[in-house]
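# Working through the structure, step by step
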Amino acid sequence: MEKDQTADPAVPRPVRLACRVSYLGTRFYGSQQQESSRTVEGEFIAACRRLDLFSDWRTAGFCSAGRTDRGVHACGQVVAFSTPYPDRARQALNSQLPLDIWCTASAEVTDTFHPRYDARSRTYRYYYAEPVRDMQIMEAAARQFLGEHNFSNLARVGDRNPWRTILGIRIGSEGRFTYLEVTAQSFLWHQVRCMAAALFSVGNGELDADGIRLLLNEATSRPVQPAPAEGLVLWDTDCGLSWVPIEKSDRSGTYCAELRRHHALMEQVCRVLRPEPGNTETGSGSEEESR
């Protein structure tokens, strides 16, 4: 695909490769490449070009399973491209990608494979920064989303068809965090974040149990505002592939460990500098410390 094999028979026949990709979205202006902003696709294409996997992303058929907004993360994004050097891609991509992107698996696919159109379903998780008072009420409300519904009140629809089918949905918890997990073949812009915001209102008693039904069936002059992007993770993209794991990136692992250390420390620093009500800790140290 990249080079004419008749003109250069030494170049191997291109192989189409799919990669499962994780990234921290904090420092990206979304996943889709842009001319003047840092994006996931832009960094991935640049890494491929440094490795000479292809010279032009268009002729290589580079594409992603879907777009994520600025600040949204992923552990189940899928990209695909054609390259004469699939072994080089598997072995070296993680050494060329920036620290906040890494490949976790690969699969050789047909020449016509397109992760966006061949995806059977997509799963997102939304992690709530604040505690939820009543997870049982929230879970019951979440089940009302199952099936096909009009999401005009719960997404930025524009000129697209507002009807989407929710295949699976649940409320879960990890440590002190509650999360929403939802699966569909496709989603509208901001749909998961709006669903997350509506369910959080139900779980905290700000929206009654019938609120979700009304949002799905009644017109409203005040559509739901999306929850912050920072809690959203593209959890999985099911393309029906048999993935072969790629060796984990020590560089990205060290980077993530440092982020965890930094944010844990900053949580404590913020508690000391700005105590919560009832907390007797203050930000003042001894005279010796202040000098």
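Preceding this paragraph is the structure being described.
Nothing here was measured: the structure is a model prediction, and the numbers come from that model. (Residues numbered from 1 in each chain as written. Predicted model: local features only at pLDDT ≥ 70, side-chain atom pairs only at ≥ 80, totals over all residues. Heavy atoms only, no water.)

### Description of the side chain of S64
On the secondary structure map, S64 appears in strand β2 (residues 63-64). A polar contact is formed between the side chain of S64 and the side chain of E41, at a distance of 2.7 Å. Excluding anything up to four places from it in sequence, S64 contacts E41, Q77, V78, V79, H114, P115 and R116. (Helix = DSSP H or I, 4+ residues; strand = E, 2+ residues; numbered from the N terminus. Polar contact = N/O pair within 3.5 Å; in protein donor to acceptor, adjacent residues only side chain to side chain. Contact = heavy atoms within 4.5 Å.)

### A few points about the pattern of salt bridges
Per the stated rule, a full pass over the model turns up 16 salt bridges. E174 is paired through a salt bridge with R125; the nearest N and O atoms lie 2.7 Å apart. Of the two residues, E174 is situated in strand β7 (residues 163-174) and R125 in strand β5 (residues 121-127); the sequence distance between them amounts to 49 residues. Here E174 falls in the partly exposed class, since its relative accessible area comes to 37%. Residue R125 is classed as buried on the basis of its relative accessible area, which comes to 7%. (Salt bridge = Lys/Arg side-chain N within 4 Å of Asp/Glu carboxyl O. Buried < 20%, exposed > 50% of the residue type's maximum accessible area, 1.4 Å probe, protein only.)

### What to know about helix α1 (residues 40-50)
V40, E41, F44, I45, A47 and C48 are the residues of α1 that are buried. Considered in projection along α1, the buried side chains sweep an arc of 160° and stay on one side of the axis. Contacts from the buried residues of α1 go to β1 (15-23), β2, β3 (73-83), α2 (86-96) and β4 (101-109). Where α1 begins, the side chain of T39 points an oxygen toward the backbone nitrogen of G42, at a separation of 3.0 Å. D52 sits one or two residues past α1 and shows a positive phi near 60°. (Arc of directions from axis to C-beta.)

### Some words on the packing of aromatic side chains
Tallied over the full model, the rule gives 11 aromatic pairs. Geometrically, the ring pair formed by Y128 and F200 is stacked, given 5.4 Å between the ring centres and 20° between the ring planes. Here Y128, found in the loop between β5 and α4 (135-142), pairs with F200, found in helix α5 (residues 191-203); they are 72 residues apart in sequence, far enough to count as distant. The two residues Y128 and F200 agree in class, both being buried. Connected via pairs of aromatic rings, a cluster forms that spans F44, F54, F62 and F81. Here the guanidinium or amino end of R88 rests over the ring plane of Y85, the centre of that ring lying 4.1 Å away. (Phe/Tyr/Trp six-rings, centres within 6.5 Å; stacked < 30°, edge-to-face > 60°. Lys NZ or Arg CZ within 6 Å of the ring centre and 35° of its normal.)

### Things to note about the nonpolar core
Counting 63 residues, the largest nonpolar core has F44, F81, L93, F145 and L199 as its most contacted members. A per-element tally of this core places α5 first, with 9 residues. Excluding its chain neighbours within four sequence positions, the residues that come into contact with F44 are C19, V21, F62, V79, F81, L93, L97 and C103. One finds A65, V78, A80 and A119 within the second-largest nonpolar core, a separate group that totals 8 residues. (Core = buried A, V, L, I, M, F, W, Y, C linked by side-chain atoms within 4.5 Å.)

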